[in-house]
Amino acid sequence: QVSVAESGGGSVQAGGSLRLSCRASGYPYPSYQMAWFRQAPGQEREGIALIDSDGRKTYADSVKGRFTISKDDAKHTSYLDMNNLKPEDTGVYYCAVDVFDYGLNPEYKFWGQGTTVTVSP
C-alpha cells in the first residue's frame, strides 16, 4: 500500500515560518521524486518545489528564496521549510510522489490529502 501523508500545516502571522513534512510509505521503488504543490480556493494547483531522486531542487518563482525543500531518503520523507510567509501563501499544500520526474507539473501518481496553511496579515 502506497500512502503519502503531509503534516505541519497551521496558522501563522505574516513573516512567520512553518515546516511541512511529507512521508511516503510503502513505495516500491528506491528512487523517486517528491514535489510540493499548493492550491488556494478558486485557483489552479501550483507546483512550488521539487526534489528529484538525485537531490536536485526546483522552485517556483513565487517561493524562490523563501522556501527550501529537503529530503531524508532513509525515512522516505521530504520537508518544506517555509520562511517569511505572506498572506498569498495561504492554501492547501499537497505532497506528490512518483518514480517519474514531472517537474512542477501536476502529473504525479501519488498524492497526499493536503495540509492547510493560513497566513494572516
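Everything quoted here is computed from the prediction, not taken from an experiment.

Asker: Help me out: how do you make sense of the sheet that holds strand S8 (residues 77-82) in this one?
Answerer: Spatially, four strands are ordered S1-S3-S8-S7 in an open sheet, and the strand pairing comes out antiparallel. If you trace the sheet from one side to the other, it starts and ends with strand S1 (3-7) and strand S7 (67-72), each paired once. For this sheet, the mean inter-axis angle between neighbouring strands, taken without regard to orientation, is 15 degrees. For S1 and strand S3 (residues 18-25), the ladder comprises five bridges, and the chain directions are antiparallel. Across the sheet, the residue bridging to Ala-5 is Arg-23, located in S3.

Asker: What is the right way to look at the state of the cysteines in this model?
Answerer: Disulfide: a covalent bond formed between the sulfur atoms of two cysteine residues. Taken as a whole and judged by the stated rule, the model has one disulfide. Covalent S-S linkage joins Cys-22 and Cys-95, the inter-sulfur distance amounting to 1.9 Å. Taking the sign of the S-S torsion, about -75 degrees here, the bridge from Cys-22 to Cys-95 comes out left-handed. Note that Cys-22 is positioned in strand S3 and Cys-95 in strand S9 (residues 91-98), a separation of 73 residues in sequence.

Asker: Any chance you could explain unusual backbone geometry here in plain terms?
Answerer: Generally, phi is negative for residues other than glycine and the peptide bonds are trans, each holding for most cases. At His-76, a position not held by glycine, the phi torsion is positive, near 50 degrees. Position of His-76 among the secondary structure elements: in the loop between S7 and S8. By relative accessible area, which is 31% here, His-76 ends up partly exposed. Despite not being glycine, Asn-84 has its phi angle at roughly 50 degrees, a positive value. With respect to the helices and strands, the residue Asn-84 is situated in the loop between S8 and S9. Take Asn-84: its relative accessible area is 42%, and that puts it in the partly exposed class.

Asker: Can you walk me through the packing of aromatic side chains in this structure?
Answerer: Note on aromatic pairs: each is described by the distance of the centres and the angle between the planes. Taken as a whole and judged by the stated rule, the model has four aromatic pairs. Ring plane angle 70 degrees and centroid distance 5.9 Å describe the contact between Phe-37 and Tyr-108, whose orientation is recorded as edge-to-face. Of this pair, Phe-37 sits in strand S4 (residues 33-39) while Tyr-108 sits in the loop between S9 and strand S10 (110-111), placing them 71 residues apart in sequence. Residue classification places Tyr-108 among the buried residues on the basis of a relative accessible area of 4%. Taking 4.9 Å as the distance between ring centres and 55 degrees as the angle between the ring planes, the aromatic pair formed by Phe-37 and Trp-111 counts as tilted. Here the residue Phe-37 occupies a position in strand S4, and Trp-111 occupies one in strand S10, the gap between them amounting to 74 residues. One aromatic cluster is present, built from ring pairs that chain together Phe-37, Phe-100, Tyr-102, Tyr-108 and Trp-111. In this arrangement the basic side chain of Arg-45 is found over the ring face of Tyr-94, its NZ or CZ atom lying 3.8 Å from the centre. The aromatic ring of Trp-111 is capped on one face by Arg-45, whose charged end is 5.0 Å from the ring centroid.

The rules behind the values
- Residues numbered from 1 in each chain as written.
- Predicted model: local features only at pLDDT ≥ 70, side-chain atom pairs only at ≥ 80, totals over all residues.
- Heavy atoms only, no water.
- Pairing = 2+ DSSP bridges.
- Helix = DSSP H or I, 4+ residues; strand = E, 2+ residues; numbered from the N terminus.
- Axes fitted to C-alpha atoms, helices over the stretch in contact; angles between N-to-C directions.
- Disulfide = S-S within 2.5 Å.
- Buried < 20%, exposed > 50% of the residue type's maximum accessible area, 1.4 Å probe, protein only.
- Phe/Tyr/Trp six-rings, centres within 6.5 Å; stacked < 30°, edge-to-face > 60°.
- Lys NZ or Arg CZ within 6 Å of the ring centre and 35° of its normal.

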